[in-house]
Structures are given as C-alpha cells and as structure tokens.
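# Notes for the structure review
What follows is each chain in one-letter form.
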Amino acid sequence: MGVAISPTNRNVFVTGSCDATIKLWDLRLPYPIITLQGHDSDINSVVFCPNGVDFGTGSDDSTCQLYDIRCFMCINKFKSEKILCGVTSVSVSRAGRVLFAGMDDFNCYCWDMTKDGMTTLPLWTLSGHDNRVSCIDVCPSGECVCTGSWDTLLKIWS
C-alpha cells in the first residue's frame, strides 16, 4: 500500500492498495475522484511526478505503471520478461524522466518514462544490496538516488 500527495495541488493525493486498485482523492470530497484498475496484484508504492499530472505505481505483479490524471488512464507500463519479482518502491527523477523501481530481487531498475516500457529494457540497474530494496528516493537536487534495503543498508547512487 502507498500514498503520494500531488506536488502541485496539496488537496489531491493518490493511493495504491492491496486490492490492486488505485484511487485518486481530493481532500474536499468524502469519496475518491476515481478508482483505477490495471495491476494484477498488490500495489506497494505510488509516486507523483514533479509535474503533478502523472503518477507512477509499483506492484507485486512485477510491473510499474504510469498514469495521467487528466485522462484517468495508464499511459505507459514498465515490465521486462527477465524481471519476475515484485516492485516494493518507486520514485521519479526531479526532471520527471526516469522512474526508479526498487525490487524484491535486490536491485533498483531505472526506466526512461518517455519510451515504451514494454519494449525497452531499463536504462540502468543499480545492484549491490543483499536483500530486497524496500525504499527509494531522489535527493532534492536530483544529483543522487538513495536506496534502502532489508540488508539494513542505505546506498547512495550518483
């Protein structure tokens, strides 16, 4: 399960759930704006892109998906036949171009969000943990990424 607040509208947030649904919320309403489906398993993490329009999700179905709140649709899906484990955490570069996905296979995969995620391989693979990558974030300057793992280590990648 995950939650992310829009960087451009503090009344709007998105949630991912164990029932494989994504809900877009507005604090001023007592119900979700919309419920989206697209994953086949638990959604473990959600993140808004810096533009406040797009958001990414990561799921136990081993995919990441990119949604646009203007059309309420999935606009890209990131998956590789070589990656068979769940996505534990997601983050987005400050420029809004790269989606970082922390995985159960101890790696973090970095996808170019401007490319078709079903036909391209990740740009990079950040390897070095000895257990699942449970959290990931990009520093405010955008110069480095930090991953945290069940191996009890934080790693900073530049």
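### Description of the overall build of the protein chain
- Broken down by element type, the protein chain carries 0 helices and 15 strands.
- Along the three orthogonal principal directions, the C-alpha set of the protein chain runs to about 45 × 35 × 30 Å.
- When the accessible area of the protein chain is evaluated, it comes to approximately 8,000 Å², of which 55% is carbon and sulfur surface.

### Points about empty space enclosed by the protein
- Considering all chains together, one arrives at 1 cavity of 30 Å³ or more under this definition.
- If you add up the space inside the largest cavity, you get close to 40 Å³.
- As for the largest cavity, its lining consists of Ser62, Thr63, Cys64, Phe78, Lys79, Ser80, Ile83, Val87, Met103, Tyr109 and Trp111.
- Split into classes, the residues belonging to the lining of the largest cavity amount to 7 nonpolar, 3 polar and 1 charged.

### Notes on the side chain of Ser149
- As for its position among the elements, Ser149 is in strand E14 (residues 145-149).
- For Ser149, the side chain forms a polar contact with the main-chain oxygen of Arg132, separated by 2.8 Å.
- Residues within four places of Ser149 in sequence aside, it is in contact with His129, Asn131, Arg132, Val133 and Ser134.

### Quick word on the packing of aromatic side chains
- Using the criterion set out here, one finds 4 aromatic pairs in the structure.
- Aromatic pair Phe55 and Tyr67: ring centres 5.3 Å apart, planes at 10°, arrangement stacked. Of this pair, Phe55 sits in strand E6 (residues 54-59) while Tyr67 is found in strand E7 (residues 64-68), placing the two residues 12 residues apart along the sequence. Accessibility classification places Phe55 together with Tyr67 in one group, the buried group.
- With a centroid separation of 5.8 Å and an interplanar angle of 45°, the aromatic rings of Phe78 and Trp111 are classed as tilted. Within this pair, whereas Phe78 is found in strand E8 (residues 73-78), its partner Trp111 is found in strand E11 (residues 108-112), the two being separated by 33 residues in sequence. The same class applies to Phe78 as to Trp111, namely buried.
- The ring of Trp150 carries Arg132 above its face, with NZ or CZ at 4.3 Å from the centroid.

### Digging into the layout of surface pockets
- Its volume calculated, the largest pocket comes out at about 230 Å³.
- Along its surface, the largest pocket is lined by 16 residues, and Val47, Phe48, Ser91, Arg94 and Asp137 are the ones closest to its centre.
- Elements with a contribution of two residues or more to the lining of the largest pocket: strand E1 (2-5), strand E5 (43-48), strand E9 (87-92) and strand E13 (133-138).
- Counting residues per element, the lining of the largest pocket draws most heavily on E5, at 4 residues.

The rules behind these values
- Residues numbered from 1 in each chain as written.
- Predicted model: local features only at pLDDT ≥ 70, side-chain atom pairs only at ≥ 80, totals over all residues.
- Heavy atoms only, no water.
- Helix = DSSP H or I, 4+ residues; strand = E, 2+ residues; numbered from the N terminus.
- Areas by Shrake-Rupley, 256 points an atom, 1.4 Å probe, with all protein chains shown as cover.
- 1 Å grid on protein atoms, 1.4 Å probe; cavity = no way out; pocket = protein on both sides within 12 Å on 5 of 7 lines; lining within 4 Å.
- Points joined across faces, edges and corners; volume = space filled by probe spheres on them.
- Nonpolar A, V, L, I, M, F, W, Y, C, P; charged D, E, K, R; others polar.
- Polar contact = N/O pair within 3.5 Å; in protein donor to acceptor, adjacent residues only side chain to side chain.
- Contact = heavy atoms within 4.5 Å.
- Phe/Tyr/Trp six-rings, centres within 6.5 Å; stacked < 30°, edge-to-face > 60°.
- Buried < 20%, exposed > 50% of the residue type's maximum accessible area, 1.4 Å probe, protein only.
- Lys NZ or Arg CZ within 6 Å of the ring centre and 35° of its normal.

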